[in-house]
Amino acid sequence: MKVRKKMRACALLLVLTLAAGLMAGCGASSGDNRQIIRIGHNQSTNHPTHIALLAFEEFIESKLGDKYNVEVFPSELLGSQNEMVQLTQTGAINFCVASNSLLETFSENYTLFNLPYLFASSEAYHASMDDESITGPIFESTRQAGFEAVTWLDAGTRNFYTVNTPIETVADLKGLKIRVQQSPTNVEMMDRLGGSATPMGFGEVYTSLQSHIIDGAENNEMALTDNGHGDVCKYYSYDMHQMIPDILIGNNDFLEGLSSEERAIFDEGFALVNQVQREEWVEAVENAKDRAQNEQGVTFLYPDTEPFKEACLPMHEQMLGNYPDLVPIYDAIQAYNQQYPAEES
Ligand code: GCU
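The structure displayed is predicted, hence computed values, not measured ones. (Residues numbered from 1 in each chain as written. Predicted model: local features only at pLDDT ≥ 70, side-chain atom pairs only at ≥ 80, totals over all residues. Heavy atoms only, no water.)

Peer 1: Would you explain helix H7 (residues 132-139) in this entry?
Peer 2: Turn by turn, an α-helix covers 3.6 residues, leaving residues three or four places apart pointing in a common direction. By the burial criterion, the buried members of H7 are Ile134, Thr135, Ile138 and Phe139. Viewed end-on, H7 has its buried residues packed into an arc of 105 degrees, placing them on one side of the element. Projecting away from the buried face of H7 at angles above 90 degrees are the exposed residues Glu132 and Ser133. As for H7, its buried residues are in contact with helix H5 (111-114), helix H6 (122-129), strand S4 (147-153), strand S10 (246-251) and helix H15 (327-339). (Buried < 20%, exposed > 50% of the residue type's maximum accessible area, 1.4 Å probe, protein only. Helix = DSSP H or I, 4+ residues; strand = E, 2+ residues; numbered from the N terminus. Arc of directions from axis to C-beta. Contact = heavy atoms within 4.5 Å.)

Peer 1: For this particular structure, what's the right way to read the pairing of strand S9 (residues 235-242)?
Peer 2: For a regular strand, the rule is simple: side chains alternate between the two faces of the sheet. Taken across its eight residues, S9 has six buried, putting it largely inside the fold. In this sheet, strand S11 (residues 299-301) lies alongside S9 in parallel orientation, the contact comprising three bridges. Across the sheet, Tyr235 pairs through a bridge with Thr299, a residue of S11. (Pairing = 2+ DSSP bridges.)

Peer 1: What's the story with the site of the ligand in this structure? I'm lost.
Peer 2: The local shell around the ligand consists of Asn42, Gln43, Gln81, Ser99, Ala155, Arg158, Arg179, Gln181, Phe202, Asn219 and Asp246. Here Gln43 contributes a side-chain N or O atom positioned 3.1 Å from an oxygen atom of the ligand. Out of a free accessible area of 320 Å², the ligand has 96% covered by protein chains. Looking at the shell around the ligand residue by residue, the classes come out as two nonpolar, six polar and three charged. (Near = heavy atom within 4 Å. Polar contact = N/O pair within 3.5 Å; in protein donor to acceptor, adjacent residues only side chain to side chain. Areas by Shrake-Rupley, 256 points an atom, 1.4 Å probe, with all protein chains shown as cover. Nonpolar A, V, L, I, M, F, W, Y, C, P; charged D, E, K, R; others polar.)

Peer 1: Mind showing me how you'd approach the sheet that holds strand S3 (residues 95-99) here?
Peer 2: Across a sheet, paired strands are connected by hydrogen bonds in the backbone, their directions being either parallel or antiparallel. Read from one edge to the other, the open sheet built from five strands follows the order S2-S1-S3-S10-S4, with strand pairing classed as mixed. A strand with exactly one partner marks an edge of an open sheet, and here the two such strands are strand S2 (68-73) and S4. Along the sheet, successive strands turn relative to each other by an average axial angle of 25 degrees, direction set aside. Across six bridges, S4 lies against S10 in antiparallel orientation. The partner of Phe147 across the bridge, within S10, is Asn251. Of the strands in this sheet, strand S1 (35-40), S2, S3, S4 and S10 are in contact with helix H12 (residues 260-294), which crosses S4 at around 35 degrees. (Axes fitted to C-alpha atoms, helices over the stretch in contact; angles between N-to-C directions.)

Peer 1: What am I meant to see in the pattern of salt bridges here?
Peer 2: Opposite charge on two side chains lets them pair, provided their charged atoms get close. By the definition in use, this model includes ten salt bridges. In this structure, Arg278 engages Asp130 in a salt bridge whose closest nitrogen and oxygen atoms are separated by 2.9 Å. Of the two residues, Arg278 is situated in helix H12 and Asp130 in the loop between H6 and H7; the sequence distance between them amounts to 148 residues. A relative accessible area of 44% means that Asp130 is categorised as partly exposed. Here Glu188 ties to Arg192 by a salt bridge, and the two come within 2.9 Å at their closest N and O atoms. Placement of both Glu188 and Arg192 in helix H8 (residues 184-192) is noted, with a separation of four residues, approximately one turn of the helix. Taken together, the shared-partner salt bridges in this structure form one network comprising Arg143, Glu148, Glu256, Arg263 and Asp267. (Salt bridge = Lys/Arg side-chain N within 4 Å of Asp/Glu carboxyl O.)

Peer 1: I keep staring at the packing of aromatic side chains and nothing clicks. Help me out?
Peer 2: For any pair of aromatic rings, geometry is given as the distance between the ring centres together with the angle between the planes. Following the criterion strictly, the structure yields 18 aromatic pairs and no others. Measuring from centroid to centroid gives 5.7 Å for Phe106 and Phe147, while their planes differ by 75 degrees, and the two rings are edge-to-face. Separated by 41 residues along the polypeptide, Phe106 in the loop between helix H4 (100-103) and H5 and Phe147 in strand S4 bring together distant segments of the chain. Note on accessibility: Phe106 and Phe147 belong to one class, buried. Through successive ring pairs, a cluster of aromatic residues spans Phe56, Tyr68, Phe95, Phe254, Phe266 and Phe270. (Phe/Tyr/Trp six-rings, centres within 6.5 Å; stacked < 30°, edge-to-face > 60°.)

Peer 1: Help me out: how do you make sense of the packing of H6 against H15 in this one?
Peer 2: For any two helices packed against each other, the geometry comes down to the angle between their axes and how far apart the axes lie. One can describe the packing of H6 onto H15 by two numbers: an axis separation of 8 Å at closest approach and a directional angle of 140 degrees. Here H15 runs oblique to H6, going by the angle between their axes. Seen from above, H6 lies across H15 with right-handed handedness. Judged by residue contacts, Ala124, Ala127 and Ser128 of H6 engage Ile333, Tyr336 and Asn337 from H15. (Parallel < 35°, antiparallel > 145°, perpendicular 65-115°, else oblique. Left-handed = near helix turned anticlockwise from the far one by under 90°.)

Peer 1: Would you mind showing me how to read the packing of H8 against helix H14 (residues 314-322) here?
Peer 2: Running from N to C, H8 and H14 cross one another at 145 degrees; their axes reach a closest spacing of 11 Å. Both H8 and H14 take part in a crossing whose hand is right-handed. Every residue of H14 that contacts H8 at Thr185, Glu188, Met189 and Arg192 is listed here: Pro314, Met315 and Gln318. Split into classes, the residues belonging to the contact of H8 with H14 amount to three nonpolar, two polar and two charged.

Peer 1: I'm lost on H15 in this one. Help?
Peer 2: Helix length check: H15 (13 residues) gives 19 Å between terminal C-alpha atoms against 18 Å at 1.5 Å per residue, within 8%. Listing the buried residues of H15 in full gives Ile329, Tyr330, Ile333, Tyr336 and Asn337. End-on, the buried residues of H15 take up no more than an arc of 110 degrees, which puts them together on one face. Away from its buried face by more than 90 degrees, H15 exposes Pro328 and Gln338. Next to the buried residues of H15 lie H5, H6, H7 and H14. (Expected span 1.5 Å × (residues − 1).)

This is the structure in C-alpha coordinates:
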(Lines give C-alpha, C1' and ligand atoms only; values in the text may rest on other atoms or scores of the structure.)
Protein backbone atom coordinates (compact mmCIF):
# COMPACT_ATOMS: atom_id res chain seq x y z
CA MET A 1 0.00 0.00 0.00
CA LYS A 2 2.83 2.34 1.00
CA VAL A 3 4.64 1.65 -2.27
CA ARG A 4 1.47 2.37 -4.21
CA LYS A 5 0.94 5.64 -2.39
CA LYS A 6 4.54 6.64 -3.13
CA MET A 7 4.09 5.74 -6.80
CA ARG A 8 0.90 7.80 -6.86
CA ALA A 9 2.61 10.77 -5.27
CA CYS A 10 5.48 10.57 -7.78
CA ALA A 11 3.12 10.30 -10.75
CA LEU A 12 1.05 13.20 -9.47
CA LEU A 13 4.16 15.30 -9.02
CA LEU A 14 5.22 14.37 -12.52
CA VAL A 15 1.89 15.53 -13.88
CA LEU A 16 1.97 18.77 -12.01
CA THR A 17 5.53 19.62 -12.96
CA LEU A 18 4.83 18.72 -16.57
CA ALA A 19 1.52 20.55 -16.63
CA ALA A 20 3.05 23.81 -17.77
CA GLY A 21 4.85 22.05 -20.59
CA LEU A 22 1.71 20.17 -21.53
CA MET A 23 -0.34 23.32 -21.76
CA ALA A 24 2.32 24.84 -23.95
CA GLY A 25 2.08 21.70 -26.07
CA CYS A 26 5.61 20.38 -25.41
CA GLY A 27 6.85 16.82 -25.18
CA ALA A 28 8.57 15.53 -22.04
CA SER A 29 12.06 14.90 -23.34
CA SER A 30 14.24 17.19 -25.37
CA GLY A 31 14.19 16.54 -29.10
CA ASP A 32 10.69 15.06 -28.90
CA ASN A 33 8.23 17.69 -30.02
CA ARG A 34 5.20 15.48 -29.74
CA GLN A 35 2.46 16.61 -27.39
CA ILE A 36 1.89 14.17 -24.55
CA ILE A 37 -1.75 13.19 -24.04
CA ARG A 38 -2.24 11.96 -20.47
CA ILE A 39 -5.19 9.70 -19.66
CA GLY A 40 -5.83 8.58 -16.08
CA HIS A 41 -8.10 5.89 -14.67
CA ASN A 42 -8.49 3.92 -11.44
CA GLN A 43 -8.57 0.32 -12.68
CA SER A 44 -5.80 -2.29 -12.89
CA THR A 45 -3.89 -3.09 -16.07
CA ASN A 46 -6.00 -6.30 -16.50
CA HIS A 47 -9.25 -4.37 -16.59
CA PRO A 48 -11.25 -3.92 -19.84
CA THR A 49 -10.98 -0.14 -19.43
CA HIS A 50 -7.18 -0.25 -19.49
CA ILE A 51 -7.16 -2.63 -22.46
CA ALA A 52 -9.52 -0.30 -24.36
CA LEU A 53 -7.40 2.77 -23.59
CA LEU A 54 -4.29 0.99 -24.85
CA ALA A 55 -6.19 0.34 -28.10
CA PHE A 56 -6.93 4.09 -28.21
CA GLU A 57 -3.23 4.88 -27.65
CA GLU A 58 -2.27 2.58 -30.50
CA PHE A 59 -4.95 3.97 -32.81
CA ILE A 60 -4.16 7.65 -32.22
CA GLU A 61 -0.43 7.06 -32.54
CA SER A 62 -0.94 5.09 -35.77
CA LYS A 63 -2.79 8.07 -37.26
CA LEU A 64 -1.21 11.08 -35.57
CA GLY A 65 1.94 9.64 -34.01
CA ASP A 66 4.19 12.37 -35.35
CA LYS A 67 2.24 14.91 -33.31
CA TYR A 68 0.86 13.09 -30.25
CA ASN A 69 2.28 10.69 -27.69
CA VAL A 70 -0.57 9.06 -25.72
CA GLU A 71 0.20 7.85 -22.17
CA VAL A 72 -2.27 5.84 -20.10
CA PHE A 73 -1.93 5.95 -16.28
CA PRO A 74 -3.86 3.12 -14.50
CA SER A 75 -4.52 2.32 -10.82
CA GLU A 76 -5.14 5.85 -9.48
CA LEU A 77 -1.53 6.76 -10.32
CA LEU A 78 -2.72 10.27 -11.10
CA GLY A 79 -4.98 10.45 -8.04
CA SER A 80 -8.47 9.35 -7.05
CA GLN A 81 -11.27 9.71 -9.60
CA ASN A 82 -12.36 12.97 -8.01
CA GLU A 83 -8.83 14.34 -8.23
CA MET A 84 -8.48 13.17 -11.83
CA VAL A 85 -11.71 14.92 -12.83
CA GLN A 86 -10.32 18.14 -11.39
CA LEU A 87 -6.99 17.64 -13.21
CA THR A 88 -8.97 17.15 -16.44
CA GLN A 89 -11.00 20.29 -15.75
CA THR A 90 -7.90 22.44 -15.42
CA GLY A 91 -6.09 20.79 -18.34
CA ALA A 92 -3.25 19.37 -16.18
CA ILE A 93 -4.20 16.07 -17.81
CA ASN A 94 -6.21 15.62 -21.01
CA PHE A 95 -8.60 12.76 -20.24
CA CYS A 96 -9.75 10.53 -17.42
CA VAL A 97 -12.35 7.86 -16.78
CA ALA A 98 -14.85 8.79 -14.09
CA SER A 99 -17.84 6.95 -12.79
CA ASN A 100 -21.08 8.70 -13.74
CA SER A 101 -21.79 8.82 -9.98
CA LEU A 102 -19.12 11.41 -9.35
CA LEU A 103 -20.14 13.57 -12.28
CA GLU A 104 -23.49 14.47 -10.71
CA THR A 105 -21.64 16.88 -8.44
CA PHE A 106 -20.30 18.66 -11.55
CA SER A 107 -23.60 18.73 -13.48
CA GLU A 108 -26.99 17.77 -12.01
CA ASN A 109 -28.03 16.18 -15.31
CA TYR A 110 -25.80 13.19 -14.57
CA THR A 111 -28.06 12.37 -11.60
CA LEU A 112 -30.37 10.59 -14.04
CA PHE A 113 -28.04 7.66 -14.81
CA ASN A 114 -27.31 7.19 -11.11
CA LEU A 115 -30.91 6.44 -10.19
CA PRO A 116 -31.36 2.97 -8.68
CA TYR A 117 -33.43 0.64 -10.88
CA LEU A 118 -33.44 3.10 -13.80
CA PHE A 119 -32.78 0.43 -16.43
CA ALA A 120 -34.91 -2.72 -16.58
CA SER A 121 -32.20 -4.89 -18.15
CA SER A 122 -28.66 -4.74 -19.53
CA GLU A 123 -30.15 -4.53 -23.03
CA ALA A 124 -32.23 -1.47 -22.08
CA TYR A 125 -29.15 0.08 -20.43
CA HIS A 126 -26.94 -0.46 -23.48
CA ALA A 127 -29.61 0.73 -25.93
CA SER A 128 -30.16 3.90 -23.87
CA MET A 129 -26.47 4.68 -23.55
CA ASP A 130 -26.00 4.12 -27.29
CA ASP A 131 -28.80 6.58 -28.09
CA GLU A 132 -27.33 10.05 -28.59
CA SER A 133 -30.69 11.72 -28.05
CA ILE A 134 -30.43 10.37 -24.49
CA THR A 135 -26.74 10.85 -23.74
CA GLY A 136 -26.06 13.98 -25.87
CA PRO A 137 -27.73 16.61 -23.65
CA ILE A 138 -26.18 15.06 -20.55
CA PHE A 139 -22.70 14.61 -21.96
CA GLU A 140 -22.56 18.23 -23.13
CA SER A 141 -23.79 19.64 -19.86
CA THR A 142 -20.35 19.67 -18.23
CA ARG A 143 -18.81 21.89 -20.88
CA GLN A 144 -19.33 24.90 -18.64
CA ALA A 145 -17.30 22.99 -16.03
CA GLY A 146 -14.36 22.63 -18.42
CA PHE A 147 -14.79 19.11 -19.75
CA GLU A 148 -16.82 17.08 -22.23
CA ALA A 149 -17.89 13.45 -22.02
CA VAL A 150 -16.63 11.73 -25.15
CA THR A 151 -17.86 8.16 -24.67
CA TRP A 152 -19.23 5.75 -22.06
CA LEU A 153 -17.88 2.45 -20.75
CA ASP A 154 -19.69 -0.53 -19.28
CA ALA A 155 -19.39 -0.96 -15.53
CA GLY A 156 -21.97 -3.74 -15.26
CA THR A 157 -24.53 -3.99 -12.49
CA ARG A 158 -23.86 -2.84 -8.93
CA ASN A 159 -24.81 -5.22 -6.11
CA PHE A 160 -24.13 -5.39 -2.37
CA TYR A 161 -21.35 -7.51 -0.90
CA THR A 162 -20.44 -7.93 2.72
CA VAL A 163 -17.76 -9.37 4.96
CA ASN A 164 -20.00 -11.77 6.83
CA THR A 165 -23.70 -10.85 6.55
CA PRO A 166 -25.58 -12.50 3.69
CA ILE A 167 -27.98 -9.89 2.21
CA GLU A 168 -31.13 -11.78 1.33
CA THR A 169 -33.73 -9.14 2.20
CA VAL A 170 -33.74 -5.35 2.60
CA ALA A 171 -33.88 -5.84 6.37
CA ASP A 172 -30.46 -7.54 6.28
CA LEU A 173 -28.88 -4.20 5.39
CA LYS A 174 -30.17 -2.53 8.52
CA GLY A 175 -27.39 -0.87 10.48
CA LEU A 176 -24.60 -2.13 8.21
CA LYS A 177 -21.94 0.37 7.19
CA ILE A 178 -21.75 0.14 3.43
CA ARG A 179 -19.24 2.03 1.31
CA VAL A 180 -20.90 3.98 -1.49
CA GLN A 181 -19.47 6.26 -4.16
CA GLN A 182 -19.24 9.95 -3.28
CA SER A 183 -22.58 11.09 -4.68
CA PRO A 184 -25.78 12.38 -3.03
CA THR A 185 -27.88 9.85 -4.99
CA ASN A 186 -25.90 6.92 -3.62
CA VAL A 187 -26.11 8.19 -0.06
CA GLU A 188 -29.89 8.60 -0.38
CA MET A 189 -30.26 5.13 -1.90
CA MET A 190 -28.44 3.60 1.05
CA ASP A 191 -30.56 5.57 3.52
CA ARG A 192 -33.74 4.32 1.89
CA LEU A 193 -32.50 0.73 2.06
CA GLY A 194 -31.76 1.07 5.78
CA GLY A 195 -27.96 0.74 5.67
CA SER A 196 -25.52 3.37 6.82
CA ALA A 197 -23.87 5.01 3.79
CA THR A 198 -20.11 5.48 4.06
CA PRO A 199 -18.91 7.46 1.02
CA MET A 200 -15.23 7.10 0.10
CA GLY A 201 -12.94 6.81 -2.92
CA PHE A 202 -12.52 3.42 -4.61
CA GLY A 203 -8.86 3.06 -3.63
CA GLU A 204 -9.68 3.17 0.09
CA VAL A 205 -12.30 0.40 0.08
CA TYR A 206 -10.04 -2.64 0.43
CA THR A 207 -8.26 -1.39 3.58
CA SER A 208 -11.56 -0.18 5.06
CA LEU A 209 -13.09 -3.64 4.58
CA GLN A 210 -10.06 -5.34 6.00
CA SER A 211 -9.94 -3.14 9.07
CA HIS A 212 -13.74 -3.41 9.59
CA ILE A 213 -14.31 0.33 9.21
CA ILE A 214 -17.10 -0.78 6.88
CA ASP A 215 -19.18 -3.99 6.77
CA GLY A 216 -19.49 -4.12 3.03
CA ALA A 217 -19.64 -2.26 -0.25
CA GLU A 218 -21.47 -2.37 -3.57
CA ASN A 219 -20.04 -2.80 -7.02
CA ASN A 220 -19.81 -5.09 -10.04
CA GLU A 221 -18.12 -8.52 -9.78
CA MET A 222 -14.73 -7.22 -10.98
CA ALA A 223 -14.22 -5.44 -7.64
CA LEU A 224 -14.12 -8.84 -5.92
CA THR A 225 -11.19 -10.12 -7.95
CA ASP A 226 -9.40 -7.18 -9.56
CA ASN A 227 -9.47 -5.12 -6.36
CA GLY A 228 -9.27 -8.06 -3.97
CA HIS A 229 -12.54 -7.26 -2.16
CA GLY A 230 -13.55 -10.94 -2.46
CA ASP A 231 -10.60 -11.87 -0.24
CA VAL A 232 -12.44 -10.14 2.59
CA CYS A 233 -16.13 -10.22 1.57
CA LYS A 234 -17.68 -13.65 1.34
CA TYR A 235 -21.26 -12.81 0.27
CA TYR A 236 -22.24 -11.12 -2.99
CA SER A 237 -25.95 -10.50 -3.39
CA TYR A 238 -27.60 -9.81 -6.76
CA ASP A 239 -30.10 -7.12 -5.74
CA MET A 240 -29.24 -5.36 -9.07
CA HIS A 241 -29.65 -1.83 -7.71
CA GLN A 242 -27.75 0.22 -10.32
CA MET A 243 -26.20 0.10 -13.76
CA ILE A 244 -23.89 3.10 -13.63
CA PRO A 245 -21.74 3.77 -16.67
CA ASP A 246 -18.16 4.98 -16.53
CA ILE A 247 -17.55 8.06 -18.64
CA LEU A 248 -14.41 9.07 -20.55
CA ILE A 249 -14.10 12.81 -20.17
CA GLY A 250 -11.76 15.19 -22.00
CA ASN A 251 -10.53 18.70 -21.29
CA ASN A 252 -12.47 21.28 -23.34
CA ASP A 253 -9.52 23.42 -24.35
CA PHE A 254 -7.63 20.39 -25.59
CA LEU A 255 -10.62 19.10 -27.59
CA GLU A 256 -11.40 22.52 -29.01
CA GLY A 257 -7.77 23.00 -30.02
CA LEU A 258 -7.92 19.99 -32.37
CA SER A 259 -8.39 20.67 -36.08
CA SER A 260 -11.59 19.21 -37.55
CA GLU A 261 -9.54 16.44 -39.23
CA GLU A 262 -7.88 15.58 -35.93
CA ARG A 263 -11.16 15.69 -34.05
CA ALA A 264 -12.64 13.20 -36.54
CA ILE A 265 -9.74 10.82 -35.79
CA PHE A 266 -10.17 11.29 -32.04
CA ASP A 267 -13.90 10.62 -32.37
CA GLU A 268 -13.07 7.35 -34.13
CA GLY A 269 -10.70 6.61 -31.26
CA PHE A 270 -13.43 7.28 -28.67
CA ALA A 271 -15.78 4.90 -30.50
CA LEU A 272 -12.99 2.29 -30.44
CA VAL A 273 -12.60 2.69 -26.67
CA ASN A 274 -16.31 1.98 -26.23
CA GLN A 275 -16.25 -1.00 -28.58
CA VAL A 276 -13.13 -2.70 -27.17
CA GLN A 277 -14.12 -2.09 -23.54
CA ARG A 278 -17.58 -3.61 -24.02
CA GLU A 279 -16.23 -6.62 -25.91
CA GLU A 280 -13.71 -7.30 -23.15
CA TRP A 281 -16.25 -6.66 -20.40
CA VAL A 282 -18.47 -9.70 -20.93
CA GLU A 283 -15.67 -12.23 -20.53
CA ALA A 284 -13.97 -10.27 -17.74
CA VAL A 285 -17.14 -10.43 -15.63
CA GLU A 286 -17.61 -14.15 -16.27
CA ASN A 287 -13.99 -14.80 -15.26
CA ALA A 288 -14.33 -12.63 -12.16
CA LYS A 289 -17.41 -14.53 -11.04
CA ASP A 290 -15.71 -17.84 -11.59
CA ARG A 291 -12.57 -16.80 -9.71
CA ALA A 292 -14.52 -15.25 -6.84
CA GLN A 293 -16.56 -18.41 -6.39
CA ASN A 294 -13.82 -20.98 -6.86
CA GLU A 295 -10.67 -19.28 -5.61
CA GLN A 296 -11.87 -16.68 -3.12
CA GLY A 297 -14.79 -18.69 -1.72
CA VAL A 298 -17.42 -15.99 -2.35
CA THR A 299 -21.06 -17.16 -2.18
CA PHE A 300 -23.39 -15.56 -4.73
CA LEU A 301 -26.95 -14.91 -3.55
CA TYR A 302 -30.04 -14.17 -5.66
CA PRO A 303 -32.61 -12.34 -3.49
CA ASP A 304 -36.05 -11.17 -4.67
CA THR A 305 -35.14 -7.75 -6.09
CA GLU A 306 -38.69 -6.27 -5.90
CA PRO A 307 -38.58 -5.05 -2.26
CA PHE A 308 -35.18 -3.38 -2.91
CA LYS A 309 -36.66 -1.70 -5.97
CA GLU A 310 -39.82 -0.55 -4.15
CA ALA A 311 -37.74 1.10 -1.44
CA CYS A 312 -35.81 3.12 -4.06
CA LEU A 313 -38.52 3.96 -6.61
CA PRO A 314 -39.70 7.21 -4.93
CA MET A 315 -36.30 8.62 -5.94
CA HIS A 316 -37.44 8.63 -9.59
CA GLU A 317 -40.42 10.95 -9.03
CA GLN A 318 -38.36 13.11 -6.74
CA MET A 319 -35.59 13.53 -9.31
CA LEU A 320 -38.05 14.32 -12.11
CA GLY A 321 -39.69 16.92 -9.88
CA ASN A 322 -36.32 18.52 -9.16
CA TYR A 323 -35.11 18.42 -12.78
CA PRO A 324 -38.15 18.65 -15.12
CA ASP A 325 -35.86 19.10 -18.16
CA LEU A 326 -34.83 15.47 -17.72
CA VAL A 327 -38.41 14.13 -18.09
CA PRO A 328 -38.25 13.53 -21.89
CA ILE A 329 -34.93 11.70 -21.49
CA TYR A 330 -36.32 9.61 -18.64
CA ASP A 331 -39.35 8.75 -20.81
CA ALA A 332 -37.09 7.70 -23.70
CA ILE A 333 -35.32 5.31 -21.29
CA GLN A 334 -38.70 3.90 -20.20
CA ALA A 335 -39.47 3.15 -23.86
CA TYR A 336 -36.29 1.02 -24.01
CA ASN A 337 -37.32 -0.63 -20.73
CA GLN A 338 -40.57 -1.70 -22.40
CA GLN A 339 -38.74 -2.94 -25.45
CA TYR A 340 -36.16 -4.84 -23.35
CA PRO A 341 -37.87 -5.81 -20.08
CA ALA A 342 -36.16 -7.63 -17.23
CA GLU A 343 -35.77 -11.35 -17.73
CA GLU A 344 -38.10 -13.43 -15.57
CA SER A 345 -36.01 -15.01 -12.82
C1 GCU B 1 -16.47 0.65 -10.63
C2 GCU B 1 -16.36 1.72 -11.67
C3 GCU B 1 -15.34 2.78 -11.27
C4 GCU B 1 -15.66 3.31 -9.89
C5 GCU B 1 -15.80 2.19 -8.90
C6 GCU B 1 -16.24 2.71 -7.52
O7 GCU B 1 -15.28 -0.06 -10.55
O8 GCU B 1 -15.98 1.13 -12.90
O9 GCU B 1 -15.36 3.83 -12.18
O10 GCU B 1 -14.67 4.19 -9.45
O11 GCU B 1 -16.75 1.26 -9.36
O12 GCU B 1 -17.07 2.09 -6.89
O13 GCU B 1 -15.75 3.77 -7.11
